[in-house]
Amino acid sequence: MKVEQIYTGCIAHAAYYIESNGEAAVFDPLREVQPYIDRANADNAKIKYVFETHFHADFVSGHLDLKKKSGATIVFGPTAKPGYDALVAEDNQVFELGDYKIKVIHTPGHTMESTTYLLIDDKGEEHGIITGDTLFIGDVGRPDLAQHVIEDLTEDKLAGYLYDSLRNKIMPLADNLIVYPNHGAGSACGKKMSKETTDTLGNQKKVNYALQDMTKEEFKKALLDGLTTPPGYFPQNVLMNIKGYESLDSIMERATKALSPEAFEAAANETGALLLDTRKAADFAKGFIPNSINIGLAGGFAPWVGEMITDIKQEILLITEPGKEEEAITRLSRVGYDNAIGYLEGGFDAWKESNREIDTVGRITEVEFETQYDSEKPVVIDVRKKSEFDAEHVVDAVNVPLNQINNHLAEFPKDKPFVIHCAGGYRSMIAASILKQRGWDNFVDVSTGFKGISNTEVPKTEYVCPTTLL
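The structure presented is a predicted model; accordingly, all values stated were derived computationally and were not measured. (Residues numbered from 1 in each chain as written. Predicted model: local features only at pLDDT ≥ 70, side-chain atom pairs only at ≥ 80, totals over all residues. Heavy atoms only, no water.)

(A) Spotlight on the pattern of salt bridges. As enumerated under the stated definition, the model contains 27 salt bridges in all. Two residues, D85 and K67, come together in a salt bridge whose shortest N-O distance is 3.5 Å. With D85 in the loop between β5 (73-76) and β6 (87-88) and K67 in helix α2 (residues 63-70), the pair connects residues that are 18 residues apart, well separated along the chain. Across the pair R142 and D144 runs a salt bridge whose closest N-O atoms are separated by 2.7 Å. With relative accessibility at 3%, the residue R142 sits in the buried group. One salt-bridge network, in which partners are shared between bridges, spans E4, R39 and D43. (Salt bridge = Lys/Arg side-chain N within 4 Å of Asp/Glu carboxyl O. Helix = DSSP H or I, 4+ residues; strand = E, 2+ residues; numbered from the N terminus. Buried < 20%, exposed > 50% of the residue type's maximum accessible area, 1.4 Å probe, protein only.)

(B) Just the pairing of strand β11 (residues 178-181), in detail. Relative to β11, strand β10 (residues 126-132) runs parallel, the two sharing four bridges. Directly across from I130, in β11, lies its bridge partner Y180. One ladder, built from two bridges, connects β11 with strand β12 (residues 199-200); its direction is antiparallel. Within β12, the residue paired with I178 across the bridge is T200. (Pairing = 2+ DSSP bridges.)

(C) Just the nonpolar core, in detail. Core analysis: the largest hydrophobic core is formed by 80 residues, its most contacted members being I295 and F412. Residue contributions to this core peak at seven residues, all from helix α15 (residues 426-437). If we skip the residues at most four places from it in the chain, I295 touches L276, D277, T278, F301, W304, V305, M308, Y426 and I430. (Core = buried A, V, L, I, M, F, W, Y, C linked by side-chain atoms within 4.5 Å. Contact = heavy atoms within 4.5 Å.)

(D) Region of interest: the environment of A72. Residue placement: A72 occurs in the loop between α2 and β5. The class for A72 is buried, based on a relative accessible area of 0%. In this structure the C-alpha to C-alpha distance between A72 and N92, which are 20 residues apart in sequence, comes to 21 Å. Setting aside its immediate chain neighbours within four residues, A72 contacts I47, K48, Y49, V50, L66 and K67.

(E) Geometry of the sheet that holds strand β17 (residues 340-344). With parallel pairing, five strands are arranged side by side in an open sheet as β13-β17-β16-β14-β15. With one partner strand each, in any of the chains shown, β13 (258-259) and β15 (293-294) form the two edges of the open sheet. Pairing analysis gives four bridges linking strand β14 (residues 274-277) to strand β16 (residues 316-319), with the strands arranged parallel. What sits directly across from D277, in β16, is I319.

(F) Geometry of the packing of helix α10 (residues 301-308) against helix α11 (residues 325-334). At a minimum axis distance of 9 Å, the contact between α10 and α11 shows a crossing angle of 60 degrees. Between α10 and α11, the crossing angle belongs to the class labelled oblique. Like other packed secondary-structure pairs, α10 and α11 cross with a definite hand, here right-handed. Contacts between α10 and α11 involve F301, A302 and V305 from the former and A328, R331 and L332 from the latter. (Axes fitted to C-alpha atoms, helices over the stretch in contact; angles between N-to-C directions. Parallel < 35°, antiparallel > 145°, perpendicular 65-115°, else oblique. Left-handed = near helix turned anticlockwise from the far one by under 90°.)

Here it is in structure tokens:
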């Protein structure tokens, strides 16, 4: 049985495509659905089903557009209450796909409607399980997301449901089954996910902490300890997946509006749109439109947009590398930011050539930082995650994680110079752009981040392996 995993690294997401005898199914599709349609056309197959493992929080699914364009039936697991036409399956219900069968296994815990799909090949042999956010490689889904949408749920209740689902529904299955999860390392839907994106169920029973012999209370403690606050856009994405959303085609038509520097400036002044510059950090530092925010496409773009832009309905004007406009719009839409209203035609070079005002960010190398640190002892602000900071950091540095920067602006001095850095320069430039927008101009950024600093003689704390940190 061939199961095609379609992995999108920037949001650590896995969709799945299977085909048998001219019928195809897609599991947990991304917002842009044409690649799935093209894939089925290449097989001379019709997409019969779009299976959703749950109402996703970290991305907006493409199930509605895929249904509209292919005629496929959307399938959810038991208890789901979508605000549109879909088939809500029963536990143990079996769907036929060509010569294959797909069995519904209701596995509440991550969310109440969370469902695992058991894949059965043309010989009647059980091949694998598409687990959504119920079971990851090395981890299980966090149980604190649905409570932000459904008031009477608590993370404790959901963790208890997940314990029962894993023990009663998943672990009794055969060890040779292949586990196909919805996410890999880097997703905020879990805390200990492996970089591997498939494994056998038998191996996961051996190595996954959540599948070890323990009581329900011990499981809850292990699962809930160390959970960070989920990104603010998660509940809004859940509601879009439950209630429905605007077609991506309509969003693209509205957003792919090329604006001259004059028209771009006028639109910014008239609408109050956020100016989002998606170029690389190094290019942004050399020159940018004042008040624009830098979140580079060449990084964790969509999740950081979700972390840093609190209003999912915020109007956005884009500054991209020429030719990257549609990619930026698409990747914004993956996490529900559907209100891009245009882009700067010709990119930043066109703005610069029009002799309009520009700004810059001072950047230094790790060698220059070492010299400055020795001679001036500047304030050093590290915008990495707390776990990264706790593992090792510059002595006397202050930790302000990027996703908390707006609530901790008082930590950044205005009366003396300071230095900011992250791990490699991506996140610190996001922070730099925010500081510039808020009026700070008395800082520099370390272009190589802590990765570069670690190769200098700048005093650092003793390294502590992150796995040993609470």
